Amino acid sequence: MIPPEQRRAFLIVLDSVGIGGAPDAGQYFNDGLPDTGANTLAHIAAHVADRPPPQGALAMPHLDGLGLGAALRLASGAEAPGLGRPPQGLWGAATEVSPGKDTPSGHWELAGLPVPWQWHHFPPTRPCFPPWLSARIAQAAGTAGILGDEHASGTEIIARLGDEHLRSGWPICYTSADSVLQIAAHEEVFGLDRLYRLCEEVAAIVHPMRVGRVIARPFVGAPGSFRRSANRRDYAIAPPGPTILDVAQAAGRDTHGVGKIGDIFSHRGIGTLHKGASDAELADKLLGLVAAARPGSLTFANFVEFDSLYGHRRDPMGYARALEWFDGVAGRVIAGLRPGDLAIFAADHGNDPTWPGTDHTRERVPVLGWGVGPRPVGQVGFADVGASVAAHLGLGPVGPGRSFL
């Protein structure tokens, strides 16, 4: 028996891979329609089921071998072509209690801390920001005004307003159905450091309003060929209490954040941050930690491209390919685990690419694990994931969750 202080834990979030069935989905909306009936995984599987050979039905043998299809059936009663293997790992479905359906809420609660407040969302009007806030942003930018001031897709608004941004020097400001304020500017003309300073100053203004994130969205290129760069930076409101990362770090454990984790947790509780320009680069970082992270460590990883490239853009075929690619990564993670390790794969919300609108969807998420033998855990809470990781590592309690180990 390996003592808890020598065990390792890997908490891996497949951003937006929901499995339907959230009991309060009717309270959340996309394009004016409730999220009732949204089911990211089941609808993707159905969409691609008739692909011509050699592709065929959705192929995720490693995660389905842990219990992905079983978790889907538990959460929503849905059957998915290609997902029917008998579970050989820990498996269940998790329900969120935090209000909202955004990234910070899901991750904080997975880390043991449900969100205790309602997030502020900007209305779907044009302009969407209150005049005093638009004036403060312009003042901080040193410009006579701002562009955008609306709900928009980031790639679309940059293509539409990029020329005017270059002419005027005004930052492009927009939001979405998330609790977020995004600021886009040309990386070379406006300046990357200047954009970061602007976002940091605006974050200090809007965080007291319970706006979850201010996101710097630098872009490059010329008119007609603008593209977002890899230098995005999120300025997130700090969690209002301790998370599993804080508890692990306070106990002297190594803590690693892979991908957006640093931004999501306002860089708190993270000893080493591992960034990459793509999920493929992040997979290499994660696999490196599976090989080399020290005993007693906690690794928390986020893979965002399911959400950013395929969910919001309503591309079920691209989403399916990304899922199948990641399943191979998951297989390599599982193969690299040592005795005493625990790997948990989960999600933070849904983003059904077949659903109306372009927003996240309120769904239950899968909880799949390897390292403790076959174990159905049933319907659990997001916070139970953090409590279980803490129990595995022999740490003190985290939040209201209960360990399912």
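The rules behind these values
- All residue numbers here refer to positions counted from 1 along the written sequence of the relevant chain.
- Since the coordinates come from a predicted model, pLDDT governs what is reported: local features require at least 70, and pairs of side-chain atoms require 80 or more to be given and counted, while whole-chain, interface and lining totals use all residues.
- Hydrogens and waters are ignored; side-chain quantities use all the structure's heavy atoms.
- Only runs of H or I of at least four residues qualify as helices and only runs of E of at least two qualify as strands under DSSP, and these elements are numbered from the N terminus.
- Side-chain rings of Phe, Tyr and Trp, where Trp is taken by its six-membered ring, are said to pair if the distance between their centres is within 6.5 Å; with planes under 30 degrees apart they count as stacked, over 60 as edge-to-face, and otherwise as tilted.
- Here, over-ring charges are defined by two tests on the NZ atom of lysine or the CZ atom of arginine: distance to the ring centre within 6 Å, and angle to the ring normal within 35 degrees.
- Salt bridges, as used here, are contacts in which a Lys or Arg side-chain nitrogen is within 4 Å of a carboxyl oxygen on Asp or Glu.
- For each residue, the accessible area found with a 1.4 Å probe, counting protein chains only, is set against the maximum for its type, and the residue is called buried under 20%, exposed over 50%, and partly exposed in between.
- Being paired, for any two strands, means DSSP has found at least two bridges between them.
- For helices, the fitted line uses only the C-alpha atoms of the stretch in contact; every axis is such a line through C-alpha atoms, and the angle between N-to-C directions lies from 0 to 180 degrees.
- The cut-offs work like this: below 35 degrees is roughly parallel, past 145 is roughly antiparallel, 65 to 115 is roughly perpendicular, and the gaps in between are oblique.
- Contacts are residue-level and defined by heavy atoms, with any inter-residue pair within 4.5 Å sufficient.
- Amino acids outside the nonpolar list (Ala, Val, Leu, Ile, Met, Phe, Trp, Tyr, Cys, Pro) and the charged list (Asp, Glu, Lys, Arg) are all regarded as polar, and Gly is one of them.
- The nonpolar core is taken to be a set of buried Ala, Val, Leu, Ile, Met, Phe, Trp, Tyr and Cys residues, with the residues joined through side-chain atoms within 4.5 Å.

### Thoughts on unusual backbone geometry
(1) Moving on: Following Arg126, the chain continues into Pro127 via a peptide bond in cis, with omega recorded as 5 degrees.
(2) Moving on: Examined against the element boundaries, Pro127 turns out to sit in the loop between helix 4 (103-110) and helix 5 (131-141).
(3) Moving on: Despite not being glycine, Asp31 has its phi angle at roughly 55 degrees, a positive value.
(4) Moving on: With respect to the helices and strands, the residue Asp31 is situated in the loop between strand 2 (29-30) and strand 3 (33-34).

### A word on the packing of aromatic side chains
(1) Moving on: Counting across every chain of the model gives eleven aromatic pairs.
(2) Moving on: Among the aromatic residues, those joined into a cluster by ring pairs are Phe303, Phe306, Tyr319, Trp325, Phe326 and Phe345.
(3) Moving on: When the ring centre of Phe190 is taken as origin, the NZ or CZ atom of Arg194, which lies over that ring, is 3.8 Å away.
(4) Moving on: It is Arg210 that lies over the ring of Trp117; its NZ or CZ is 4.0 Å from the centre.

### Thoughts on the pattern of salt bridges
(1) Moving on: Counting across every chain of the model gives 17 salt bridges.
(2) Moving on: Its salt-bridge partner being Arg73, residue Glu79 comes within 3.6 Å of it at the nearest N-O pair.
(3) Moving on: Taking the relative accessible area as the measure of exposure, Glu79 reaches 57% and is therefore exposed.
(4) Moving on: For the salt bridge of Asp254 with Arg294, the shortest nitrogen-to-oxygen distance reads 2.7 Å. Of the two residues, Asp254 is situated in the loop between helix 8 (244-250) and strand 11 (255-258) and Arg294 in the loop between helix 10 (279-292) and strand 13 (298-303); the sequence distance between them amounts to 40 residues.

### Some details on the sheet that holds strand 16 (residues 375-381)
(1) Moving on: Strand order in this open sheet of eight strands is 12-11-13-1-14-15-4-16, and the pairing throughout is mixed. The open sheet is flanked by strand 12 (272-274) and strand 16, the only strands paired with a single partner. Neighbour-to-neighbour, the strand axes of this sheet turn through a mean angle of 15 degrees, independent of strand direction.
(2) Moving on: Here strand 1 (residues 9-14) runs beside strand 14 (residues 342-346); their pairing, made up of five bridges, is parallel. In the sheet register, Ile12 faces strand 14, and the bridge partner there is Phe345.

### Some points on the packing of helix 4 against helix 13 (residues 382-393)
Relative orientation and spacing of two packed helices are given, respectively, by the angle between their axes and the distance between those axes.
(1) Moving on: Where helix 4 meets helix 13, the axes come as close as 6 Å, and the angle between the chain directions of the two elements is 40 degrees. One way to sum up the angle between helix 4 and helix 13 is to call them oblique. Contacts from Gly106, Glu109 and Leu110 in helix 4 reach Phe382, Ala383, Val385 and Gly386 in helix 13.
(2) Moving on: Its residues assigned to classes, the contact of helix 4 with helix 13 comprises four nonpolar, two polar and one charged.

### Examining the nonpolar core
(1) Moving on: By size, the foremost hydrophobic cluster in this structure holds 87 residues, and its most contacted members are Ile12, Leu63, Phe303, Phe306, Phe326, Val333 and Phe345.
(2) Moving on: Considering each element in turn, this core owes the most residues, nine residues, to helix 12 (residues 316-336).
(3) Moving on: Every residue in contact with Leu63, bar those within four places of it in the chain, is listed here: Leu14, Leu68, Phe326, Asp327, Ala330, Phe345 and Leu368.
(4) Moving on: In terms of nonpolar packing, the next biggest core, distinct from the first, is built from 25 residues, Phe122, Ile146, Ala185 and Ala216 among them.

### Side note on the pairing of strand 5 (residues 147-151)
Put simply, side chains in a regular strand alternate between the two faces of the sheet.
(1) Moving on: Among the five residues that make up strand 5, four are buried, leaving the element largely enclosed by the rest of the structure.
(2) Moving on: Note: strand 5 against strand 6 (residues 172-175), four bridges, orientation parallel. Paired with Leu147 across the strands is Ile172, a residue of strand 6.

### Things to note about the environment of His120
(1) Moving on: Note on placement: His120 falls in the loop between helix 4 and helix 5.
(2) Moving on: As for His120 and Val97, which are separated by 23 residues in sequence, their C-alpha atoms are 17 Å apart.
(3) Moving on: Apart from residues lying up to four places away in sequence, His120 is in contact with Ser179, Met209, Arg210 and Val211.

These results come straight from atomic positions and should not be treated as a statement about function.
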